[in-house]
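Examination of the molecular architecture
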Amino acid sequence: PDVAQLDARISVCRACPRLVQWRESVATTGRRASFADQPYWGRPGPGFGDPDEEAVEVLVLGLAPAANGTNRTGRMFTGDRSGDWLYAALHRGGFADRPTSVHAGDGQRLRGMRIVATVRCAPPANTPTTLEKETCAPWLDRDLELSAPRLRSMLALGSIAWDAALGAARRRGWEVPRPKPRFGHGAEVGLGTPYGVVRLVGSYHVSQQNTFTGKLTEAMLDDVVARL
Ligand code: DU
Ligand code: SF4
């Protein structure tokens with residue numbers, strides 16, 4: 001119930017004027033031609049996770065909703081090419097019931113995992129500003145607070161997610177090694193929490209910039225998912 005309330009509150013956030021304008025303009029006049037007959041979500045992307053909140057031991061942290069992905073379907077990494085890669089790997093790793101994530105009614109279900117974004121509204125050019133990252137950070141703080149008692153690991157997709165996870169951990173008073181652990185694919189650090197050590201694992205983001213070019217392969221993704 002707590003996580004459901006959190007998602008309900010996130011879904012109506014309007015704190016960032018530029019992102020509110022962008023998410024709503026894409027959803028109305030800016031829809032991709034191939035999706036023109038579909039209603040768009042056009043709001044912040046709430047977290048998507050195991051409906052059994054008590055079972056969530058792993059948090060996946062992305063960058064931000066895709067304008068025609070989550071901003072269209074209303075579910076994290078759903079209906080875009082990044083999601084094709086992510087859910088296929090999560091399915092191979094036993095975290096997702098289905099290998100694909102097409103729309104919010106497709107029956108996809110996560111097991112023991114919750115997926116959230118660092119910045120929860122679609123940004124122009126997939127690039128949030130520093131102020132937008134700071135403004136959205138309290139939602140991640142709340143996610144960590146709620147999941148902490150059961151949390152075992154986090155997967156940061158990209159350096160922005162990595163930095164956000166470390167920042168949130170520090171704000172929670174968790175032990176974070178100094179100097180700041182560097183992001184890289186396969187980077188791993190243990191965060192000391194009152195409930196035990198939480199493992200933070202870094203991965204190149206599943207965006208086409210990485211998957212299309214071969215910078216991130218299925219084997220590389222399977223390797224980090226297996227460590228969760
Ligand atoms: O990265 P992209 O192919 O431009 O896709 C952007 C956006 O639209 C992403 O959320 C995938 C989605 N999409 C899709 O679901 N189906 C298509 O045929 C093309 C794009
Ligand atoms: Fe709110 Fe985050 Fe969206 Fe900004 S990016 S409007 S803080 S949900």
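Residues numbered from 1 in each chain as written. Chains lettered and ligands numbered in written order. Predicted model: local features only at pLDDT ≥ 70, side-chain atom pairs only at ≥ 80, totals over all residues. Heavy atoms only, no water.

Observations concerning the site of ligand 1
Residues in contact with ligand 1, as listed here, are R32, F35, A66, N68, G69, R72, G79, D80, R81 and Q208. Between an oxygen atom of ligand 1 and a side-chain N or O atom of D80, the distance comes to 3.4 Å. Side-chain polar atom of R81 to an oxygen atom of ligand 1: 2.8 Å apart, as the coordinates give it. Taking 430 Å² as the accessible area of ligand 1 by itself, protein coverage stands at 64%. (Near = heavy atom within 4 Å. Polar contact = N/O pair within 3.5 Å; in protein donor to acceptor, adjacent residues only side chain to side chain. Areas by Shrake-Rupley, 256 points an atom, 1.4 Å probe, with all protein chains shown as cover.)

Concerning the pairing of strand β2 (residues 58-62)
Remember that side chains alternate between the two faces of the sheet whenever the strand is regular. Burial within β2 is extensive, with 5 of its 5 residues counted as buried. Alternating positions in β2 separate into two faces, V58, V60 and G62 on one and L59 and L61 on the other, with burial throughout. Here β2 pairs with strand β3 (residues 113-117) via 5 bridges, running parallel. Counted as the bridge partner of V58 is M113 from β3. Bridge analysis of β2 against strand β4 (residues 153-157) gives 4 bridges, and the strand direction is parallel. For L59, the partnering residue across the bridge sits in β4 and is M154. (Buried < 20%, exposed > 50% of the residue type's maximum accessible area, 1.4 Å probe, protein only. Helix = DSSP H or I, 4+ residues; strand = E, 2+ residues; numbered from the N terminus. Pairing = 2+ DSSP bridges.)

Here's the deal with the pairing of strand β5 (residues 188-193)
Of the two faces of β5, only the one carrying V189, L191 and T193 is buried; E188, G190 and G192 on the other face are not. Examined bridge by bridge, β5 and strand β6 (residues 196-203) share 6 bridges and lie antiparallel to one another. Looking at β6, one finds that G192 is bridged to V197. Hairpin connection of β5 to β6: 2 residues between the antiparallel strands.

Brief notes about the packing of aromatic side chains
According to the stated counting rule, one finds 2 aromatic pairs in the structure shown. Summarising the aromatic geometry, the rings of W162 and F183 are spaced 6.0 Å apart at their centres and angled 65° between planes, so their arrangement reads as edge-to-face. With W162 in helix α6 (residues 159-171) and F183 in the loop between α6 and β5, this pair connects stretches of sequence that are 21 residues apart. Given the relative accessible area of 25%, F183 is considered partly exposed. Each residue in the set W162, F183 and Y204 is aromatic and connected to the rest through ring pairs, giving one cluster. Just above the ring of F35 sits the side chain of R72; from NZ or CZ to the centre is 3.6 Å. One Lys or Arg, K215, reaches over the ring of Y204 and ends 4.5 Å from the middle of that ring. (Phe/Tyr/Trp six-rings, centres within 6.5 Å; stacked < 30°, edge-to-face > 60°. Lys NZ or Arg CZ within 6 Å of the ring centre and 35° of its normal.)

Quick notes on the nonpolar core
One finds F77, Y87, L90, L110, M113 and I115 to be the most contacted residues of the largest nonpolar core, which totals 24 residues. Residue assignment for this core shows that the elements contributing at least two residues are β2, α4 (81-92), β3, β4 and α8 (218-226). Per element, the largest residue contribution to this core is 4 residues, and it comes from α4. Ignoring any residue separated from it by four or fewer positions in sequence, one finds L110 in contact with F48, G49, D50, P51, Y87, L90, F95, A96 and I115. W162, A165, W174 and A187 belong to the second-largest nonpolar core, a separate cluster that totals 23 residues. (Core = buried A, V, L, I, M, F, W, Y, C linked by side-chain atoms within 4.5 Å. Contact = heavy atoms within 4.5 Å.)

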